[in-house]
Amino acid sequence: MGGDRVRICQTLSFLIDDYDVDVVYVTHDKTAKVLKSENPLINNEYRFYIPKITRYIQAAKTLFNRTPLFVNHYFNRTVQKFINNLILHKHYDRIVCGSIAMAKYLLKHTNAAIYLDMTDSLSMNYKNRISKERILSRVFWRINLARTMRFEKKCVSTFNCTSYISRIDQNFLNTNGKTCIVPNYVHIPQNIPPKNHNSKNIVFVGKMDYEPNIMAATFFAQQVFPIVQQKGDYKFVIVGMNPTETVQKLAQKDVVIVTGKVDSVEPYYQDAAIVVAPMLSGSGIQNKIIEAMAQECCVVTTSFGAEGLEEMSDGIVITSTNPQLMSETIISLLENDSRRAMISRKARLLTQQFLSYERVQKYFRNFIADC
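First, a word on scope: everything that follows refers to the structure included in this document. (Residues numbered from 1 in each chain as written. Predicted model: local features only at pLDDT ≥ 70, side-chain atom pairs only at ≥ 80, totals over all residues. Heavy atoms only, no water.)

## Focus on helix 13 (residues 323-334)
Helix length check: helix 13 (12 residues) gives 16 Å between terminal C-alpha atoms against 16 Å at 1.5 Å per residue, within 8%. Within the sequence span of helix 13, burial applies to Met 326, Ser 327, Ile 330, Ile 331, Leu 333 and Leu 334. The buried residues of helix 13 occupy an angular sector of 160 degrees when the element is viewed end-on, so they sit on one face. Turning to helix 13, the residues buried within the fold contact strand 7 (201-205), helix 9 (211-229), strand 10 (274-277), strand 11 (299-301), strand 12 (317-318) and helix 14 (337-354). You can read the cap of helix 13 off the contacts: a side-chain oxygen lies 2.9 Å from the backbone nitrogen of Gln 324, and it is on Asn 322. (Helix = DSSP H or I, 4+ residues; strand = E, 2+ residues; numbered from the N terminus. Expected span 1.5 Å × (residues − 1). Buried < 20%, exposed > 50% of the residue type's maximum accessible area, 1.4 Å probe, protein only. Arc of directions from axis to C-beta. Contact = heavy atoms within 4.5 Å. Polar contact = N/O pair within 3.5 Å; in protein donor to acceptor, adjacent residues only side chain to side chain.)

## Notes on the side chain of Arg 7
Positionally, Arg 7 belongs in helix 1 (residues 3-18). When its relative accessible area of 5% is taken as the criterion, Arg 7 is described as buried. Among the polar contacts made by the side chain of Arg 7, one reaches the side chain of Asp 117 at a distance of 2.8 Å. At a separation of 2.6 Å, a polar atom in the side chain of Arg 7 contacts the side chain of Asn 184.

## What about the sheet that holds strand 3 (residues 95-97)?
What links the strands of a sheet is backbone hydrogen bonding, and the strands pair in either a parallel or an antiparallel sense. On the basis of which strands lie adjacent, the open sheet formed by 4 strands has the order 3-4-5-6 and parallel pairing. A strand with exactly one partner marks an edge of an open sheet, and here the two such strands are strand 3 and strand 6 (179-181). Neighbour-to-neighbour, the strand axes of the sheet open up by a mean angle of 25 degrees, direction not taken into account. Summarising the sheet, strand 5 (residues 161-164) and strand 6 pair through 3 bridges and their orientation is parallel. Paired with Tyr 164 across the strands is Ile 181, a residue of strand 6. Sheet strands touched by helix 7 (residues 135-158): strand 4 (114-119), strand 5 and strand 6. Its angle to strand 4, the strand with the most contacts, is close to 140 degrees. (Pairing = 2+ DSSP bridges. Axes fitted to C-alpha atoms, helices over the stretch in contact; angles between N-to-C directions.)

## Thoughts on unusual backbone geometry
Residues other than glycine predominantly adopt negative phi, and peptide bonds predominantly adopt the trans conformation. The phi dihedral of Asn 242 falls on the positive side, at around 55 degrees, and the residue is not glycine. Mapped onto the fold, Asn 242 is located in the loop between strand 8 (235-239) and helix 10 (245-248). Asn 242 gets classed as partly exposed once you look at its relative accessible area, which sits at 39%. If you check the backbone angles, Glu 296 has positive phi at about 60 degrees while not being a glycine.

## Comments concerning the nonpolar core
Within the largest apolar cluster, 60 residues are counted, with the highest numbers of intra-cluster contacts made by Ile 202, Phe 204, Phe 220, Phe 236, Ile 238, Val 276 and Ile 330. Of all the secondary-structure elements, those providing two or more residues to this core are strand 7, helix 9, strand 8, strand 10, helix 12 (287-294), strand 11, helix 13 and helix 14. The element contributing the most residues to this core is helix 9, with 10 residues. Not counting the four nearest positions on each side in its chain, Phe 236 is found in contact with Ile 202, Phe 204, Ala 217, Phe 220, Ala 221, Phe 225, Val 255, Val 256, Ile 257 and Val 276. (Core = buried A, V, L, I, M, F, W, Y, C linked by side-chain atoms within 4.5 Å.)

## A word on the packing of aromatic side chains
Across all of its chains, the model carries 14 aromatic pairs by this definition. Taken together, a centroid distance of 4.9 Å and an interplanar angle of 55 degrees make the contact between Phe 14 and Tyr 357 tilted. With Phe 14 in helix 1 and Tyr 357 in helix 15 (residues 357-367), the pair connects residues that are 343 residues apart, well separated along the chain. Residue class for Tyr 357 comes out partly exposed when judged on its relative accessible area of 23%. (Phe/Tyr/Trp six-rings, centres within 6.5 Å; stacked < 30°, edge-to-face > 60°.)

Below, the structure written as structure tokens:
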């Protein structure tokens, strides 16, 4: 499940604890599970499928208007009319917008109590990404960055309150409007199966058609892992659904393994000497990191991956994006079993302290009480 869907499911869980909840959403995947199958306590579910050709037409409008690409991509006039009518007749106590991409549908409803879950700042994500793009692509992304920043600022100043997943994202726009922090909670299993202390596996987990994950896995497989491999017969295991052709080409028999979709990630966490998240871009809390921490794994990441985890920094290892320095950090950990075990135990304790359901629910209730 992608990070955006994880966040939406968590938001719905919190709302259903306190309210009767209707859900309106746009999907590009006819085969995707309905949200009510994951949370049957949803009251009404209004699902709109937008086919690929319609999305392309909408995206092309970016050339002729000043709206960000992602907003054009998700906008649909039929959906707008439906939402207008729903708000007019239902008189909701609260309207929670679960994505900045959907915020355009609500900007004209200034008389309603509207709360935006920005999660991470998309404009900050774009800013981090630009330097990694090819020269010709940078012009487009700089234009889109400027549009996105204007749109995000407008949303923050219009809605009752906006939540972010981390303090860094919250501070990035430096704009007027009420804002607060709502991190993701993480499932913390009561019991952890015994670890394979002889494991030689270095594991990366993520949705493998997501560009920051593709960049991270490619960077590690091509520039970091070959240095680590000189110290032993280690394996790099890339776990996650929808691996692109770029990711699949990284596979090397018995050395670099690309699993594709798996029934459960937990066995890979239990069989990992180290879990890596060598992020070169992105924003917001990385679910793959906090999930690994809750599974009592030793996690190595960069400053991009550690965003939003400042209070939990003792439970992760933050390293440089320089391939040589990153490989030295990982080799040092691989050769020190006791240090890895100490970091792993600390990681699990910190998730219990800061990212339990009950702890994060308090943040969320503060958010929809106008921060």
